[in-house]
Amino acid sequence: MGAGGKMSNATTDTEQKKNPLQRVTFSKPPFTIGDIKKAFPPHCFHRSLVRSFSYLVQDLILVSIFYYTANTYFYVLPSPYHYLGWPIYWVAQGCVFTGIWMIGHECGHQAFSDYQWLNDTVGLILHSALLTPYFSWKYTHRRHHSNTSSLEHDEVYVPRLKSELRWFSKYLNNNPIGRVLGLACTLTLGWPLYLVFNASGRAYGRFASHYDPHGPMYNDRERLQIYISDAGVIAATYVLYRVSLAQGLTWLVCIYGVPLQIMSSFIVLITFLHHTHSSLPHYDSSEWDWLRGALATVDRDFSVLNKVFHHITDTHVLHHLFSAIPHYHALEATKAIKPLLGEYYQLDRTPVYKAVWRDSKECVYVEKDEGSKYRGIFWYNNKL
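In this text the structure is predicted, and so the values were computed from the model without any measurement.

Novice: I'd love a proper account of the overall build of the protein, names of residues and values included.
Specialist: A count of helical and extended segments in the protein gives 15 helices and 5 strands. A compact globule built from 384 residues would reach a C-alpha radius of gyration of about 21 Å, and the protein, at 21 Å, matches this within 12%. Across the 384 residues that make up the protein, the buried fraction comes to 51%. Across the protein, contacts joining residues at least 24 apart in sequence account for 71% of those joining residues at least 6 apart.

Novice: Explain the pattern of salt bridges to me, and be specific about the residues and the numbers.
Specialist: Enumeration according to the criterion identifies 13 salt bridges in this entry. In this structure, Arg223 engages Asp220 in a salt bridge whose closest nitrogen and oxygen atoms are separated by 3.0 Å. Judged by relative accessible area, Arg223 falls into the buried class, the value being 17%. Overall, Asp220 belongs to the exposed group, its relative accessible area being 65%. Linking Arg300 and Asp359 is a salt bridge whose minimum nitrogen-to-oxygen distance equals 2.7 Å.

Novice: Run through the environment of Ser244, naming residues and quoting values.
Specialist: Residue position: Ser244 is located in helix α9 (residues 223–247). Ser244 has contacts with Leu249 and Leu252, leaving out every residue within four places of it along the chain.

Novice: So, the packing of α9 against helix α10 (residues 249–275): which residues are in play, and what are the values?
Specialist: For any two helices packed against each other, one specifies the crossing angle of their axes together with the interaxial distance. In the contact formed by α9 and α10, the axes pass within 7 Å of each other and the chain directions differ by 125°. Judged on the interaxial angle alone, α10 and α9 are oblique. Contacts between α9 and α10 involve Leu240, Val243, Ser244 and Gln247 on the former and, on the latter, Leu249, Trp251, Leu252 and Tyr256. In terms of residue class, the contact of α9 with α10 is built from 6 nonpolar, 2 polar and no charged.

Novice: Kindly report on the state of the cysteines, identifying the contributing residues and their values.
Specialist: One pass over the full model with this rule turns up 0 disulfides. The closest cysteine sulfur to the non-disulfide-bonded Cys363 is located on Cys185, 19 Å from its own sulfur. By relative accessible area, which is 11% here, Cys363 ends up buried.

Novice: Give me the lowdown on the pairing of strand β5 (residues 377–381), citing residues and values where you can.
Specialist: Each regular strand shows side chains that alternate between the opposite faces of the sheet. Along β5, 5 of the 5 residues are buried, which leaves the element largely enclosed by surrounding structure. Residues Ile377, Trp379 and Asn381 of β5 are buried on one face, and the alternating residues Phe378 and Tyr380, pointing to the opposite face, are buried as well. The sheet contact formed by strand β1 (residues 282–283) and β5 spans 2 bridges and is antiparallel. Paired with His282 across the two strands is Phe378, which belongs to β5.

Novice: Please set out the sheet that holds β5 residue by residue, giving values where relevant.
Specialist: Pairing in this open sheet of 3 strands is antiparallel, and the strands run β1-β5-β4 from one edge to the other. If you trace the sheet from one side to the other, it starts and ends with β1 and β4 (365–368), each paired once. Of the pairings in the sheet, the one linking β4 to β5 comprises 4 bridges and is antiparallel in character. Residue pairing in the sheet places Val366 in a bridge with Tyr380 of β5.

Novice: Can you break down the packing of aromatic side chains residue by residue, with the values?
Specialist: This model, assessed by the stated rule, comprises 25 aromatic pairs. Ring centres of Trp86 and Tyr89 lie 5.7 Å apart, and the angle between their planes is 90°; on these two criteria the pair is classed as edge-to-face. With a gap of 3 residues between them, Trp86 and Tyr89 both fall in helix α4 (residues 81–108), about one helical turn apart. A single burial state applies to Trp86 and to Tyr89, both of which are buried. Put simply, the rings of Phe74, Tyr75, Trp86, Tyr89 and Trp90 pair up and form one aromatic cluster.

Novice: Hey, could you go over the confidence of the model for the protein for me, with residue numbers and the actual values?
Specialist: It should be kept in mind that the predicted coordinates are not to be read in detail where pLDDT is low. Mean pLDDT over the protein stands at 92; residues scoring 70 or higher make up 95%. A low-confidence stretch, residues 1–17 stays under pLDDT 50, and its non-local contacts, those more than four residues away or across chains, total 12 contacts.

Novice: I'd like a rundown of α9, residues and numbers included.
Specialist: Given a rise of 1.5 Å per residue, 25 residues ought to cover 36 Å, and the 36 Å separating the end C-alpha atoms of α9 matches this to within 8%. Three or more residues of α9 are buried, namely Arg223, Ile226, Ser229, Asp230, Gly232, Val233, Ala236, Leu240 and Ser244. Residues of α9 that are buried sit in contact with α5 (116–129), α6 (134–146) and α10. One or two steps after α9, the chain reaches Gly248, where phi turns positive at roughly 100°.

Novice: Give a detailed account of the side chain of Arg292, specifying residues and quantitative values.
Specialist: Secondary-structure assignment places Arg292 in helix α11 (residues 290–295). For Arg292, a relative accessible area of 4% corresponds to the buried category. Within the structure, the side chain of Arg292 is placed 2.3 Å from the backbone oxygen of Glu287, a separation counted as a polar contact. If we skip the residues at most four places from it in the chain, Arg292 touches Phe26, Ser27, Lys28, Pro29, Tyr283, Glu287 and Ile377.

Novice: Could you give me a rundown of the nonpolar core, with the residues and numbers involved?
Specialist: In this structure, Trp101, Trp191, Phe266, Leu273, Phe302 and Phe309 are the most contacted members of the largest nonpolar core, which totals 59 residues. At the level of secondary structure, the elements contributing two or more residues to this core comprise α3 (49–73), α4, α5, α6, α8 (176–197), α9, α10 and α15 (352–362). Among the elements that make up this core, the one with the highest residue count is α10 (15 residues). With residues near it in sequence (within four places) discarded, Trp191 still touches Trp101, Thr132, Trp137, Ser264, Ile267 and Val268. Of all hydrophobic cores here, the second largest spans 19 residues; its members include Ala294, Phe322, Tyr344 and Tyr345.

Cut-offs applied
- Residues numbered from 1 in each chain as written.
- Predicted model: local features only at pLDDT ≥ 70, side-chain atom pairs only at ≥ 80, totals over all residues.
- Heavy atoms only, no water.
- Helix = DSSP H or I, 4+ residues; strand = E, 2+ residues; numbered from the N terminus.
- Rg over C-alpha atoms; globule rule 2.2 N^0.38 Å.
- Buried < 20%, exposed > 50% of the residue type's maximum accessible area, 1.4 Å probe, protein only.
- Contact = heavy atoms within 4.5 Å.
- Salt bridge = Lys/Arg side-chain N within 4 Å of Asp/Glu carboxyl O.
- Axes fitted to C-alpha atoms, helices over the stretch in contact; angles between N-to-C directions.
- Parallel < 35°, antiparallel > 145°, perpendicular 65-115°, else oblique.
- Nonpolar A, V, L, I, M, F, W, Y, C, P; charged D, E, K, R; others polar.
- Disulfide = S-S within 2.5 Å.
- Pairing = 2+ DSSP bridges.
- Phe/Tyr/Trp six-rings, centres within 6.5 Å; stacked < 30°, edge-to-face > 60°.
- pLDDT = per-residue confidence, 0-100.
- Expected span 1.5 Å × (residues − 1).
- Polar contact = N/O pair within 3.5 Å; in protein donor to acceptor, adjacent residues only side chain to side chain.
- Core = buried A, V, L, I, M, F, W, Y, C linked by side-chain atoms within 4.5 Å.

If you want it as structure tokens, here you go:
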């Protein structure tokens, strides 16, 4: 383990010098998923019910503190402190909401505990409270993990070919104003549009929605749980409706609505940055295999928010390889596998605000390299 620590430090030094836009190695890896599993201690797979709940309780305490502070003191603050306090509350509460949502996401991967019934119960409650259909998203997200970077079968952030671009793409991408508008729409509306209309998701040939139990996204064995997901969101919506009647719509928007919107924006931002990068390949069916697809993602550095978001941001490559590892073991496991993955591992420490602007500009569509013998491998481009 001591040698592994030295190798990890050496790898970190190399990563800092490496150009993050340099293409990752895309040939079939010389290692297997079994080899990767042997690279880190077995205890990384251990799911502690006490420890998992401790992180959830910690987040709920923060939510309560922020709520109590805003609801008790903001209305008596003199101007302009009154107007300064609310944005601080919205951002802080939205970040913690995102952390709670990530715990629900772990429940969907059975990484919260050893008991599936408990994972699904906790996940359903948490995601419903945040207006996310738990089982519906759990199933499509699992298929995303099973088909990462497959042009035909991935579930979300499926890139377009140049021939599939819409007529207005060149106007949005080739000028800063268009790009700002595109990013603003994506970050504010992207999450609800994906859930309701499968926007940016896999093409099913007909209407597909996470709220439609009989839609093409789900099979017969899954339909009952889709109804349960819908019931959870409806129940949460009804509770919010009753609260708005008692406290007023403005109060509800300030206390809950704006933080929820910030959470939605973070979900879109995090997933966009994990799967949209000019160094990462996409594959058609002639080249795709699960391991290469799982490696075609990138870890990002969200600074202090890495911890707030329970390290989904800076250990995402590991998450696609072993999604059942709890977040509190993910950093240790990531450090352990870096030396083995070598050039197959991608980390981009570019500040988030710079990265999202750069990647939205450079990653417009995918195409094959002209003259390349790898006819089933596609890379992002932006030349329109």
